[in-house]
Amino acid sequence: MERYKDLKVQRWVKWFLPFYLLTFQFAFANAVTKAEADSAYVRGQYQQAISLYESLLEQGSSADVFYNLGNAYYRTENIPEAVLNYERALLLSPGDRDIRFNLQIARSRTFDKIVPESEMFFVTWYRSLVSMMSVDGWARTALVALALTIILLLVYLFSDKIWLRKVGFFGGVALLLLFVVANIFAWQQKSDLLHRKGAIVFSPAVTVKSTPAANGTDLFILHEGTKVDITDGSMKDWKEIRIADGKEGWIESKHLRVI
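Residues numbered from 1 in each chain as written. Predicted model: local features only at pLDDT ≥ 70, side-chain atom pairs only at ≥ 80, totals over all residues. Heavy atoms only, no water.

A. Up close: the overall build of the protein. Each helix and strand in the protein was counted, giving nine helices and seven strands. Of the contacts made within the protein by residues no fewer than 6 positions apart, 58% connect residues no fewer than 24 positions apart. Accessible surface, the protein: about 16,000 Å² in total, of which carbon and sulfur atoms supply 61%. (Helix = DSSP H or I, 4+ residues; strand = E, 2+ residues; numbered from the N terminus. Contact = heavy atoms within 4.5 Å. Areas by Shrake-Rupley, 256 points an atom, 1.4 Å probe, with all protein chains shown as cover.)

Here it is, written out as structure tokens:
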């Protein structure tokens, strides 16, 4: 098996000119804090690293920080927290292979071995395309495609050469299509971030019920670290969930943490 992949450490320039130190003081302070957390992790002081990473996340979400926090929890054998933070990192950076790899390793350490339902090939293909980049990545792609479309339109309108007009026309159509597709994918990524349906089980073992009541029929048991999708979150104390193999039921909210 390929070796577990360690934390992502951003490389920061050690010394800046005084002007930049004054102008970007807040950003520089965050960089130092991130460096301190990474340093604690490298020294094997995982609890300190966890505390520092969580302090950083209070200032704003970051895929790298979620990823490193997941690594720190994994090193302390806290698999549910590791899975949760890898999942959060993946939401922000869905195309990151290191995050996916470590998430798979963490999932392999959970008790429940759930075989996902089979799905139509085009659904898998669509999800793979959407996950190639984050919402920001698709937004940048859309802007670049739009700019190039305008340039090629000008080439088509004002060029005297036939081959250039053809390039301008067909290239513009292709890039316009890319602009539309990139916007759709960006919207999908943003929707996934705003309407988070995934959750992780955080109890050693919990019974899934047929109805949102303690006296409901027992359906099956889930264990900590397992991912579920919330299909009905309208109730405060109970959530209707669905797992990857298609099974559905109700679980008390206190047993879950939303990704």
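Right, picking up where we left off after that structure.
B. Just the side chain of S159, in detail. Inspection of the secondary structure puts S159 in the loop between α8 (135-158) and α9 (162-194). At 3.3 Å, the side chain of S159 and the backbone nitrogen of K161 are in polar contact. Beyond its immediate sequence surroundings of up to four residues, S159 is in contact with L154, L164 and R165. (Polar contact = N/O pair within 3.5 Å; in protein donor to acceptor, adjacent residues only side chain to side chain.)

C. Region of the structure containing unusual backbone geometry. The phi angle at E77 is positive, at roughly 65°, despite the residue not being glycine. Looking at the element boundaries, E77 is found in the loop between α4 (63-75) and α5 (79-92).

D. Spotlight on the environment of R43. Mapped onto the secondary structure, R43 falls in the loop between α2 (25-42) and α3 (46-59). R43 sits in the partly exposed class, given a relative accessible area of 48%. (Buried < 20%, exposed > 50% of the residue type's maximum accessible area, 1.4 Å probe, protein only.)

E. Here's a closer look at the packing of aromatic side chains. According to the stated counting rule, one finds seven aromatic pairs in the structure shown. Both rings, one in F121 and one in F122, keep their centres 5.7 Å apart while their planes meet at 80°; by these two values the pair is edge-to-face. Given a relative accessible area of 66%, F121 falls into the exposed group. Accessibility expressed as a relative area gives 44% for F122, which makes it partly exposed. Ring centres of W138 and F185 lie 5.0 Å apart, and the angle between their planes is 75°; this geometry places the pair in the edge-to-face category. (Phe/Tyr/Trp six-rings, centres within 6.5 Å; stacked < 30°, edge-to-face > 60°.)

F. Molecular detail of the confidence of the model for the protein. Confidence in the prediction for the protein averages 88 pLDDT; 88% of positions are at 70 or higher. For the stretch residues 10-24, pLDDT sits under 50, and the model shows eight contacts to residues farther than four places along the chain or on other chains. (pLDDT = per-residue confidence, 0-100.)

G. Inspection of α5 at higher detail. Between its terminal C-alpha atoms α5 stretches 20 Å, which fits the 20 Å expected from 14 residues at 1.5 Å a residue. Of all 14 residues making up α5, twelve are buried, and the element is well covered by its neighbours. Those residues of α5 not exposed but buried are I79, P80, E81, A82, V83, L84, N85, Y86, E87, R88, A89 and L90. Lining the buried residues of α5 we find α4, α6 (97-108), β1 (198-201), β4 (227-232) and β7 (256-258). The residue sitting at the N-terminus of α5 and contributing the capping side-chain oxygen is N78; that oxygen lies 3.4 Å from the backbone nitrogen of E81. (Expected span 1.5 Å × (residues − 1).)

H. Molecular detail of the nonpolar core. Formed by 30 residues in total, the largest nonpolar core has its most connected members in Y53, L69, Y74, V83 and Y86. At the level of elements, α2, α3, α4, α5 and α6 are the ones that each hand at least two residues to this core. Ignoring any residue separated from it by four or fewer positions in sequence, one finds V83 in contact with L103, A106, R107, T110, I200 and G225. One finds V208, F220, L222 and I251 within the second-largest nonpolar core, a separate group that totals twelve residues. (Core = buried A, V, L, I, M, F, W, Y, C linked by side-chain atoms within 4.5 Å.)

I. Representation of the side chain of N85. On the secondary structure map, N85 appears in helix α5. For N85, the residues in contact, after removing those within four places along its chain, are F66, L69, G70 and Y73.

J. Region of interest: a nonpolar patch on the surface. Judged by side-chain polarity, L146, I150, L153, L154, L157 and F158 come together as a nonpolar surface patch covering roughly 580 Å² of accessible area. Among the secondary structure elements, L154 is positioned in helix α8. (Patch = residues over 30% accessible without salt bridge, like charges linked within 9 Å, V, L, I, M, F, W, Y side chains within 5 Å. Salt bridge = Lys/Arg side-chain N within 4 Å of Asp/Glu carboxyl O.)

K. Seen up close, the pairing of strand β6 (residues 248-252). Bridging between strand β5 (residues 238-242) and β6 involves five bridges; their strand directions are antiparallel. Bridge pairing in β6 places R242 opposite E248. Here β5 folds back onto β6 in antiparallel fashion, the turn holding five residues, of which G246 has a positive phi close to 100°. (Pairing = 2+ DSSP bridges.)

L. Summary view of the packing of α3 against α4. One can describe the packing of α3 onto α4 by two numbers: an axis separation of 9 Å at closest approach and a directional angle of 155°. With respect to each other, α3 and α4 are oriented roughly antiparallel. Here α3 and α4 pass one another in a crossing that is left-handed. Residues Y46, I50, Y53, E54, L56 and L57 of α3 form the contact with α4, whose own contacting residues are V65, F66, N68, L69, A72, Y73 and R75. When the residues that make up the contact of α3 with α4 are grouped by side-chain class, the tally is ten nonpolar, one polar and two charged. (Axes fitted to C-alpha atoms, helices over the stretch in contact; angles between N-to-C directions. Parallel < 35°, antiparallel > 145°, perpendicular 65-115°, else oblique. Left-handed = near helix turned anticlockwise from the far one by under 90°. Nonpolar A, V, L, I, M, F, W, Y, C, P; charged D, E, K, R; others polar.)

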